[in-house]
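If you want the building blocks of each chain, they are given just below.
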Amino acid sequence: MTGELDVVVVGAGPGGYVTAIRASQLGLKTAIVEREALGGVCLNWGCIPTKALLKSGEVYEQLGHLADYGLSVEGRAYDFTKLIARSRKVATQLSAGVAFLMKKNKIEVIEGSARLEKAPAAPKVVVALKAGGQRTLTAKSVILATGARARVIPAAGLVADGERVWTYREAMVPKTAPKSLLVIGSGAIGIEFASFYRALGSEVTVVEALPRILPVEDEEISSTAQKAFEKRGIKFRIGAKVAKLIASKSGVSVTLETGAKSETLQAECAIVAVGIDGNVEDLGLETLGVKIDRGHVVADAFGATNVAGLYAIGDVAGPPWLAHKASHEGVHCIEHIAGVSGPELVAAIPGCTYSTPQIASVGLTEAQAKEKGVAVKVGRFPFRVNGKAIAAGETDGLVKTVFDAATGALIGAHMIGGEVTEMIQGFALAMTLEATEAEIFATVFPHPTMSEAMHEAALDAFGRVLHL
Ligand code: NAD
């Protein structure tokens, strides 16, 4: 590709590569720079390969409950190497899919590490090429989509050593499943790995500094989740901060601070899942004077930074750190650059945790709505009385809806149970369309499905629940 580009995208995760595709669709001459594999953390070390692992774990765990379904098989076993290999194969397949999409959309892929330099218009992008040498790109707009990485806390020993202490990256490819595992942090990453390794039979203890697990979720969902995980044998230390982790050849030892008390726990391995930090280093951002706040680039609703021609989207632009938020922001940003965007988007962003049971939510929790001074109507419907859930043997969990009492608008929905991550989209769509209870009541939900619990939870908020 020769001549000046319209857009250079730095980072080919779900934020960057989707932005590049949309740029190309809009007729913009686009290049994308990536230092590792196409698809970023999501496709290679996050969302996708963990779903492959979790599926293996779920199937294996379900084999232990075959009698519940009137079935039996002789014994059960897993081959850890094959299970990991399957997850890696899925990641490779998806990454190759991104390469195909780049080619199809005539987007030039440049393998290397990008650094920005001052220029009269948009910053210049200097790429240290993987193959050796360097290349300077000039474009009308540069979009940073460099993502984020696992947060480490060296002072407390919360740093991966590749042997006993893992972040999500090492936790995805160990040689064997540990007999005992400490998971530090009960966000989505901690809970998904706790769920996976417990399914394979590891003794798992999750340590959480805050007073409840999955602290971003609605309180009722957190407590229902904790009970469901405890039923599966996962142990919890809540309100317990890991003050120090010491790793040795034989295992890990962590010191917990629980109020005035201190406790020590031992295990074979530990996973550090205490949040993530944006990839803002070694990009030349300081030289350009780009505003950075607590590890992420400050950007407006369209992704524009304080430097002309420079945009930032996805994890590097701050929370929520979710792949679908990155893609969504990227499309919004490039449409704005191309001058085709509509009004500012305020879509609600769903969040999903793919544990057993699954957790999914969108919008405000009941507590958040009340903190904002909104009078609410709240509905609940448990899966234990949903016909499809009973037939499927997936009765743990519930759907909770939060409506604005004054307007009837749905302002939040929270679910825990089998396949709720596939169902939350119904509520997300309802919120984007600014639906009130009237539209949800008028919607016909197919029978028998677990989604009927969504209808019932809305009906319940207005005293009209049918099956309770
Ligand atoms: P997180 O910020 O969601 O959770 C980290 C937890 O660790 C917090 O609850 C915090 O209180 C706790 N913690 C911090 N320091 C501690 C200490 N010293 N001792 C004990 N507990 C401590 O972070 P995460 O789970 O690492 O995930 C990072 C981001 O990635 C999140 O924003 C998450 O939404 C996103 N993500 C999403 C998915 C998904 O959607 N399925 C999957 C993976 C990651």
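Because the structure is a prediction, the values reported are computed rather than measured.

Reading guide: rules and limits
As a convention, each chain's residues are numbered from 1 in the sequence order in which they are written. Selection of residues for local features in this predicted model requires a pLDDT of at least 70, selection of side-chain atom pairs for listing and counting requires 80 or more, and totals for whole chains, interfaces and linings are taken over all residues. The basis for the side-chain values is all heavy atoms of the structure; hydrogens and waters are excluded. In this analysis, strands are considered paired if DSSP registers two or more bridges between them. Under the scheme used here, helices are H or I runs from DSSP no shorter than 4 residues and strands are E runs no shorter than 2 residues, and both carry numbers assigned from the N terminus. Note on method: axes are straight lines fitted to C-alpha atoms, helices fitted across the in-contact stretch only, with angles between N-to-C directions ranging 0 to 180 degrees. The criterion for an aromatic pair is that two Phe, Tyr or Trp rings (for Trp, the six-membered ring) have centres within 6.5 Å, with stacked assigned to planes under 30 degrees apart, edge-to-face to planes over 60 apart and tilted to the rest. Type-normalised accessible area, obtained with a 1.4 Å probe on protein chains alone, sets the label of each residue: buried when under 20%, exposed when over 50%, and partly exposed for intermediate values. Using protein atoms alone on a 1 Å grid, points that fit a 1.4 Å probe yet trap it form a cavity, whereas open point sets bounded by protein on both sides within 12 Å along at least five of seven lines form a pocket; residues with an atom within 4 Å of a point count as lining. Grid points are joined across faces, edges and corners, and a volume is the space filled by probe spheres set on the points. As a working rule, the residues Ala, Val, Leu, Ile, Met, Phe, Trp, Tyr, Cys and Pro are called nonpolar, Asp, Glu, Lys and Arg charged, and the rest polar, with Gly in that last group. In this entry, domain limits derive from an automatic or database-based domain assignment. Whether two residues are in contact is decided by their heavy atoms, any of which lying within 4.5 Å being enough. Buried area: the accessible surface (1.4 Å probe) lost by two parts on joining, summed over both. A pairing counts as a salt bridge when a side-chain nitrogen of Lys or Arg comes within 4 Å of a carboxyl oxygen of Asp or Glu. The definition of a polar contact used here is a pair of N or O atoms within 3.5 Å, where within protein one atom must be able to donate a hydrogen and the other to accept one, and adjacent residues in sequence count solely through side-chain atom pairs.

1. A word on the sheet that holds strand β20 (residues 351–353)
Part 1 of the argument: In space, the five strands of this open sheet follow the order β20-β21-β24-β23-β22, with antiparallel pairing throughout. Across the chains shown, the open sheet's two edge strands, defined by having one partner strand only, are β20 and β22 (376–382). Strand-to-strand, the axes of this sheet are offset by a mean angle of 10°, without reference to chain direction.
Part 2 of the argument: Pairing of strand β21 (residues 358–363) with strand β24 (residues 410–417), which is carried by six bridges, proceeds in the antiparallel orientation. The residue of β24 that forms the bridge with V362 is A413.

2. Points about the packing of aromatic side chains
Part 1 of the argument: Counted under the stated rule, the structure contains eight aromatic pairs.
Part 2 of the argument: Ring centres 5.8 Å apart and planes at 85° place the aromatic pair F441 and F462 in the edge-to-face group. Taken together, the residues F441 in helix α13 (residues 437–442) and F462 in the segment after α14 (452–461) connect sequence positions 21 residues apart.
Part 3 of the argument: Assessed through its relative accessible area of 22%, F462 is described here as partly exposed.
Part 4 of the argument: Put simply, the rings of W166, F193, F196 and Y197 pair up and form one aromatic cluster.

3. Structural notes on the layout of surface pockets
Part 1 of the argument: Its volume calculated, the second largest pocket comes out at about 760 Å³.
Part 2 of the argument: Around the second largest pocket, the lining is made up of 22 residues, and of these Q62, Y69, T356, G393 and E394 lie nearest the centre.
Part 3 of the argument: Of all the secondary structure elements, the ones that give two or more residues to the lining of the second largest pocket are α3 (47–63) and α7 (219–231).
Part 4 of the argument: Of the residues forming the lining of the second largest pocket, the biggest block, five residues, is contributed by α3.
Part 5 of the argument: For the lining of the second largest pocket, the per-class residue count stands at four nonpolar, nine polar and nine charged.

4. Focus: the domain arrangement of the protein
Part 1 of the argument: Structurally, the protein comprises domain 1 (5–150 + 277–337), domain 2 (154–274) and domain 3 (357–461).
Part 2 of the argument: Between the C-alpha centres of domain 1 and domain 2 there is a distance of 27 Å.
Part 3 of the argument: Across the boundary between the two partners, domain 1 contributes 20 residues, which contact 17 residues of domain 2.
Part 4 of the argument: In total, domain 1 and domain 2 occlude about 1700 Å² of area from one another, counting both sides; carbon and sulfur atoms represent 68% of this.
Part 5 of the argument: Summed over the three residues of domain 1 that lose the most area to domain 2, namely W45, E61 and F80, the buried surface amounts to 36% of that side.
Part 6 of the argument: Viewed at the interface, domain 2 and domain 1 are joined by three salt bridges.
Part 7 of the argument: The residue E36 makes a salt bridge to R169 at a minimum N-O spacing of 2.7 Å.
Part 8 of the argument: Put simply, domain 1 and domain 2 have three residue pairs in polar contact (both at pLDDT 80 or more) between them.

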